[in-house]
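One letter stands for each residue in the lines below.
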Amino acid sequence: MTSDPWLEAHAYLRPVADLCAEVDREAAGIDVLDARIPDWEDYRADFLAGVPLLTSADAGVDLEPGGRMAGALLERLAAGTPPGPLAAEAGALDADLRRAPQVSRRIADFLLGDETVAPIFPGLLRYLAWTAMARFLRPVVSAFDGWRDEERWLRRYCPTCGSLPAMAQLVGVEPGRRRLLSCGCCGTRWQFKRTGCPFCDTDAQRIASVTLEGEPGLRIDHCESCRGYLKTYNGEGHERLWLADWSSLHLDLIAHDRGLKRLAASLYDFEPAGRDHDHS
Ligand SMILES: [Zn+2]
Ligand SMILES: [Zn+2]
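These numbers were taken from a predicted model, which means no experiment stands behind them.

Engineer: For this particular structure, what's the right way to read the packing of aromatic side chains?
Structural biologist: Centre-to-centre distance and the angle between the planes together describe a pair of aromatic rings. All told, the structure shown has 13 aromatic pairs when counted by the stated rule. Ring centres of Tyr 43 and Phe 144 lie 5.8 Å apart, and the angle between their planes is 70 degrees; on these two criteria the pair is classed as edge-to-face. One end of the pair, Tyr 43, is in helix α3 (residues 40–48); the other, Phe 144, is in helix α7 (residues 122–147), and 101 residues separate them in sequence. In terms of burial, Tyr 43 and Phe 144 fall into one category: buried. Ring plane angle 50 degrees and centroid distance 6.0 Å describe the contact between Tyr 43 and Trp 147, whose orientation is recorded as tilted. One end of the pair, Tyr 43, is in helix α3; the other, Trp 147, is in helix α7, and 104 residues separate them in sequence. The class of Tyr 43 is buried, set by a relative accessible area of 0%. Grouping aromatic residues by their ring pairs yields a cluster made of Trp 40, Tyr 43, Phe 47, Phe 144, Trp 147, Trp 153 and Tyr 157.

Below you can see the structure in the form of structure tokens.
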């Protein structure tokens, strides 16, 4: 399924879909800089100890070129035609970041949680910079997928960047059916226990699922202990659309109405461009 029939059935997703499409289009126009693939043996001890790849000094993945790509994306969006709220906010972010030296290094540090980098639109920067950084990291993530022994990770946070999952996916057929968690930031998917909550590590008995009429591919798994929920794509082949998080924002509303809490990481918690800041 491409996004078109999906959007016909869910017209309220159109604004966020258009925003994502615009950002993806500009990101696709940026030169992808080379990322060095780490020497996996150098990283093995940190991996076994649960240290995500990008925060491991021994792995030594340099994110600065990805930060440069993010800076280039901001510039392209700021120069966007026609000028609109996204162009204005990207331009303001760009100008704000340039007030201090080493812009690309600071963007990279910000993505890994450095709170001394305090941009004016942190949510928007996280979204835009991860969009560029994920492109930079693609060969690293792919090589890491090939090297990683999934059974030795099984943790609730991303083995590459350390973020909590944005979504989950059920793949394969019984008896070998597996649950993957999906990182909304760097794009890594990794294996997790089939049942059990990734937010509080509770046991399987306290997990319940909500399925939606007319949407057999998606469901909401929620935990009765911590009230956290995780949107789950129950299938394979349409990852690009159904693991995109924005494509199932209506599930977040349903979960919210049921009193559940979004504990999953999201790149979409910024105020949409052009809206004022009231939450009523
Ligand atoms: Zn990640
Ligand atoms: Zn829980």
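Engineer: So what exactly am I meant to see when it comes to the coordination of the zinc ion (ligand 1) here?
Structural biologist: A metal bound by six donors in octahedral fashion has ideal angles of 90 or 180 degrees, whereas one bound by four tetrahedral donors has an ideal angle of 109.5 degrees. Bound to the zinc ion (ligand 1) are the protein donor atoms Cys 158 (SG), Cys 161 (SG), Cys 183 (SG) and Cys 186 (SG), situated 2.3 to 2.4 Å from the metal. Angles of 100 to 118 degrees at the metal separate the four donor atoms of the zinc ion (ligand 1), which places the site in the tetrahedral class. Each donor residue of the zinc ion (ligand 1) belongs to the same chain, with the gaps between them written as C-x2-C-x21-C-x2-C. The two residues Cys 158 and Cys 161 agree in class, both being buried.

Engineer: When you look at the side chain of Glu 215 in this model, what are you seeing that I'm missing?
Structural biologist: Secondary-structure assignment places Glu 215 in strand β5 (residues 215–223). The buried charged residue Glu 215 lacks any salt bridge partner; its closest oppositely charged side chain belongs to Lys 231, at an N-O distance of 10 Å. Within the structure, the side chain of Glu 215 is placed 2.4 Å from the side chain of His 10, a separation counted as a polar contact. Each residue touching Glu 215, except ones within four places of it in the same chain, is listed here: Trp 6, His 10, His 250 and Leu 251.

Engineer: I would appreciate a short explanation of empty space enclosed by the protein in the present structure.
Structural biologist: One water molecule sets the probe size; rolling that probe over the atoms shows where empty space is left. Applying the stated rule across the entire model yields one cavity of 30 Å³ or more. Reported here for the largest cavity is a volume of approximately 70 Å³. If you trace the largest cavity, you find it lined by Arg 179, Gly 196, Cys 197, Pro 198, Phe 199, Ile 207, Asp 221, His 222, Cys 223, Gly 228, Tyr 229 and Leu 230. Elements with a contribution of two residues or more to the lining of the largest cavity: β5 and β6 (228–234). When its residues are assigned to classes, the lining of the largest cavity shows seven nonpolar, three polar and two charged.

Engineer: Mind showing me how you'd approach the pairing of strand β1 (residues 167–171) here?
Structural biologist: A regular strand places its side chains so that they alternate between the two faces of the sheet. With five of its five residues buried, β1 lies for the most part within the structure. The side-chain alternation of β1 yields two buried faces, one formed by Met 167, Gln 169 and Val 171 and the other by Ala 168 and Leu 170. Linking two consecutive strands that pair antiparallel, namely β1 and strand β2 (residues 178–182), is a turn of six residues; a positive phi of about 80 degrees is found at Gly 172 within it. Direction of pairing for β1 relative to β6: parallel, over a ladder of three bridges. Of the residues in β6, the one forming a bridge with Ala 168 is Thr 232.

Engineer: Would you take a moment to explain the environment of Asp 252 for this structure?
Structural biologist: Looking at where Asp 252 falls in the secondary structure, it is placed in helix α9 (residues 249–257). Asp 252 gets classed as buried once you look at its relative accessible area, which sits at 11%. Separated by 237 residues in the primary sequence, Asp 252 and Pro 15 have C-alpha atoms spaced 16 Å apart.

Engineer: I'm lost on unusual backbone geometry in this one. Help?
Structural biologist: Excluding glycine, residues mostly carry a negative phi; peptide bonds, for their part, are mostly trans. Across the junction of Glu 174 and Pro 175, the peptide omega takes the value 5 degrees, indicating a cis bond. With respect to the helices and strands, Pro 175 occurs in the loop between β1 and β2. We note that Gln 102 has phi near 55 degrees; this positive angle belongs to a residue other than glycine. A relative accessible area of 60% places Gln 102 in the exposed class.

Criteria and thresholds
Residues numbered from 1 in each chain as written. Chains lettered and ligands numbered in written order. Predicted model: local features only at pLDDT ≥ 70, side-chain atom pairs only at ≥ 80, totals over all residues. Heavy atoms only, no water. Phe/Tyr/Trp six-rings, centres within 6.5 Å; stacked < 30°, edge-to-face > 60°. Helix = DSSP H or I, 4+ residues; strand = E, 2+ residues; numbered from the N terminus. Buried < 20%, exposed > 50% of the residue type's maximum accessible area, 1.4 Å probe, protein only. Donors = N, O, S within 2.8 Å, 3.2 Å for Na, K, Ca; no water. Tetrahedral: all angles 85-135°; square planar, octahedral: opposite > 155°, others 65-115°. Lys, Arg positive; Asp, Glu negative; His and termini not counted. Salt bridge = Lys/Arg side-chain N within 4 Å of Asp/Glu carboxyl O. Polar contact = N/O pair within 3.5 Å; in protein donor to acceptor, adjacent residues only side chain to side chain. Contact = heavy atoms within 4.5 Å. 1 Å grid on protein atoms, 1.4 Å probe; cavity = no way out; pocket = protein on both sides within 12 Å on 5 of 7 lines; lining within 4 Å. Points joined across faces, edges and corners; volume = space filled by probe spheres on them. Nonpolar A, V, L, I, M, F, W, Y, C, P; charged D, E, K, R; others polar. Pairing = 2+ DSSP bridges.

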